[in-house]
Amino acid sequence: MSGSYSRRSFIGGALVAGGAAGVAGGKPLREESPIANDVVPFHGEHQSGITKPPLVPQQQGIFAAYDVTAENRAELTDLFRTLTERARFLTSGGPANPAAHSSGSGLLGTTLVPDGLTVTVGIGASLFDHRFGLAGRRPTELVPMKAFAHDELDPAQCHGDVLLQLCANHDDALVNALIDIHARTRGLMRQRWRIDGFRSPQRPSGTPRDLLGFHDDVANHFLTDVKGRIDKFLWVHPPSPEPAWTTGGTYQVIRTVRFDLDEWDRVPVTRQEKIIGRHKTTGIPLGGGTNENSPVVYDRNGEVMPFNCHVRLANPQTVESRFSAPNPYVRADVPPVHIWRRSYQYMRAPDVNGRMDAGHAFCCFQRKLSTYIDMQQRLENEMLVPFITPTGGGYFFALPGVTDKHDYYAYKLLT
Ligand code: HEM
């Protein structure tokens, strides 16, 4: 693993630092926790909520999809300008000014703390319909998400013209940002669906665990530990068949995947490990290793890591891996591919039968949408299928970053 991708948790580190609370005159000061002052820089070639914070994504996340109600191109431009202005302010923080309504809801007090907030804006295929004259500028692969083999999609929980992904260290910062954005964009867009998610802290160490109890996102480092790989697999840039305005952006997939946690609980841990392909407590690949970051080695006959376990189907490694055998579940020789996963866990109100509605707000970014689609089609054969039900989500194009104070989201698309 490269030095640039250390597993040290900067959130954990900040919390330790925050433990030394100030004391004045024998009375502890109620100071803002240091992580509340985390600023993730807003301006840049890429939107900062995709790969930053670089080590551990923020613990709280909201995915909110919107139908645009702006009536023409000028109003749509207003929408993106307003989103930019609010995101710039909310992510950097500063003195609140209630008289000018610049403080958001007031939930965060008199000084708005950035709290590690990132605002990531994506757009869906429907924005390129007849309404705004953008049909000729659609990213080439951007289409509405179609159902895969085991999906039970609820149309009300799918698609959208715009996707906002808000992430922060605490829930109140997210809620404040959402209230602020809604107040300022009233009449221009309307919320269509939303998932509120969380990520667990390191328990006890390593990558945070998902609701199945496994370390999740470990293999993300495959994308960062070889120079140039992140450009190859994550960001759109020339030469490419994509319209020029997309440079610096990336395709975003969000899928709401409900888990049957009651059934999962009945499965012995050794079987669960075969289904995923890693050890549950340590995250070490079943093929061996010393820690969760050890290279994944596939056995030739699929006895140690079944051919249809999750990681072996997601990443068959038929070209790169010296130890890989032909996988009967994979249609053809699959070149090494990588996606950048940045998922959250969710739990919401029970269904009409009183059954828990909890699972994965699966989120990934990649330069080519087909990378994800191929991977998802392979996973239609995975051993995890009986325990998961995809119910919503969509495909979006995460816009290029806002480069400076004169720029705004989608500027190059709209001008
Ligand atoms: C929705 C339920 C899902 C769960 C609970 C889940 C869980 C996991 C876990 C525990 C790992 C092993 C640790 C790691 O490398 O992060 C993993 C790896 C991976 N997953 Fe998923 N995942 C889910 C869905 C998906 C989907 C929908 C995709 C893509 C279509 C995907 C792609 C991957 C990839 C590429 C890896 C890394 C494989 C490797 O190279 O070792 N996962 N996942």
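In this text, all values refer to a predicted model and were calculated from it rather than measured experimentally.

Asker: Before we move on, could you go through the site of the ligand and cite the residues and values that matter?
Answerer: Residues in close proximity to the ligand total 24 residues, the closest being Phe-214, Val-218, Ala-219, Ala-314 and Asn-315. Put simply, the parts of the chain that give the shell around the ligand at least two residues each are α9 (310–314), β12 (357–366) and α10 (369–378). Per-class residue counts for the shell around the ligand are 15 nonpolar, 5 polar and 4 charged.

Asker: Could you give an account of helix α4 (residues 171–185), naming the residues involved and the relevant values?
Answerer: Taking 1.5 Å of rise per residue, 15 residues should cover 21 Å, and α4 covers 21 Å from first to last C-alpha, within 8% of that figure. Along α4, the positions that sit buried rather than exposed are Ala-173, Leu-174, Asn-176, Ala-177, Leu-178, Asp-180, Ile-181 and Thr-185. Against the buried residues of α4 lie β3 (60–68), α3 (73–92), β6 (118–123), β7 (162–168) and β8 (189–198). Downstream of α4 by one or two residues, Gly-187 has phi in the positive range, about 90 degrees.

Asker: Account for the nonpolar core, with residues named and values stated.
Answerer: Across soluble globular proteins, you tend to see nonpolar side chains buried next to one another. Core analysis: the biggest nonpolar cluster contains 76 residues, and Leu-166 and Ala-177 have the highest contact counts within it. Not counting chain neighbours up to four residues away, the residues in contact with Leu-166 comprise Gly-61, Ile-62, Leu-117, Val-119, Leu-174, Ala-177 and Leu-178.

Asker: Residue-level account of α3, with values.
Answerer: In this model, α3 (20 residues) spans 29 Å end to end at C-alpha, consistent with the 28 Å of a helix rising 1.5 Å per residue. Packed against the buried residues of α3 are β3, β6, α4, β8 and α11 (411–414).

Asker: How would you explain the pairing of β3 if you had to name every residue and give the values?
Answerer: Counting buried positions along β3 yields 8 of 9 residues, so the element is predominantly enclosed. Across 7 bridges, β3 lies against β7 in antiparallel orientation. Of the residues in β7, the one forming a bridge with Gly-61 is Cys-167. Examined bridge by bridge, β3 and β8 share 9 bridges and lie antiparallel to one another. Bridge pairing links Asp-67 to Arg-190 in β8.

Asker: Account for unusual backbone geometry, naming residues and giving values.
Answerer: Cis peptide bonds are those with omega within 30 degrees of zero, and the linkage from Arg-203 to Pro-204 qualifies with -5 degrees. In this structure, Pro-204 sits in the loop between β8 and α5 (221–224). With omega at -5 degrees, the peptide bond leading from Pro-238 into Pro-239 counts as cis. Counting through the fold element by element, Pro-239 comes out in the loop between α6 (229–233) and β9 (250–259). For Asp-217, which is not a glycine, the phi torsion comes out positive at approximately 95 degrees. Here Asp-217 shows up in the loop between β8 and α5.

Asker: A description of the pairing of strand β13 (residues 388–398) should follow, citing residues and the corresponding values.
Answerer: Among the 11 residues of β13, 9 are classified as buried, and the element is accordingly described as predominantly covered. Of the pairings in the sheet, the one linking β6 to β13 comprises 2 bridges and is antiparallel in character. Paired with Gly-122 across the strands is Ala-398, a residue of β13. Of the strand pairs in this sheet, β9 and β13 are connected by 10 bridges, and their pairing is antiparallel. Bridge pairing in β13 links Tyr-251 to Phe-397.

Asker: Could you give an account of the environment of Arg-190, naming the residues involved and the relevant values?
Answerer: Following the sequence through the fold, Arg-190 ends up in strand β8. Arg-190 sits in the partly exposed class, given 14 other C-beta atoms within 10 Å. Along the backbone, Arg-190 and Ala-65 are 125 residues apart, and their C-alpha atoms lie at a distance of 8.5 Å. Every residue in contact with Arg-190, bar those within four places of it in the chain, is listed here: Tyr-66, Asp-67 and Thr-69.

Criteria and thresholds
Residues numbered from 1 in each chain as written. Predicted model: local features only at pLDDT ≥ 70, side-chain atom pairs only at ≥ 80, totals over all residues. Near = placed C-beta within 6 Å. Helix = DSSP H or I, 4+ residues; strand = E, 2+ residues; numbered from the N terminus. Nonpolar A, V, L, I, M, F, W, Y, C, P; charged D, E, K, R; others polar. Expected span 1.5 Å × (residues − 1). Buried ≥ 20, exposed ≤ 12 C-beta atoms within 10 Å, placed from the backbone. Contact = placed C-beta atoms within 7 Å. Core = buried A, V, L, I, M, F, W, Y, C linked by C-beta atoms within 7 Å. Pairing = 2+ DSSP bridges.

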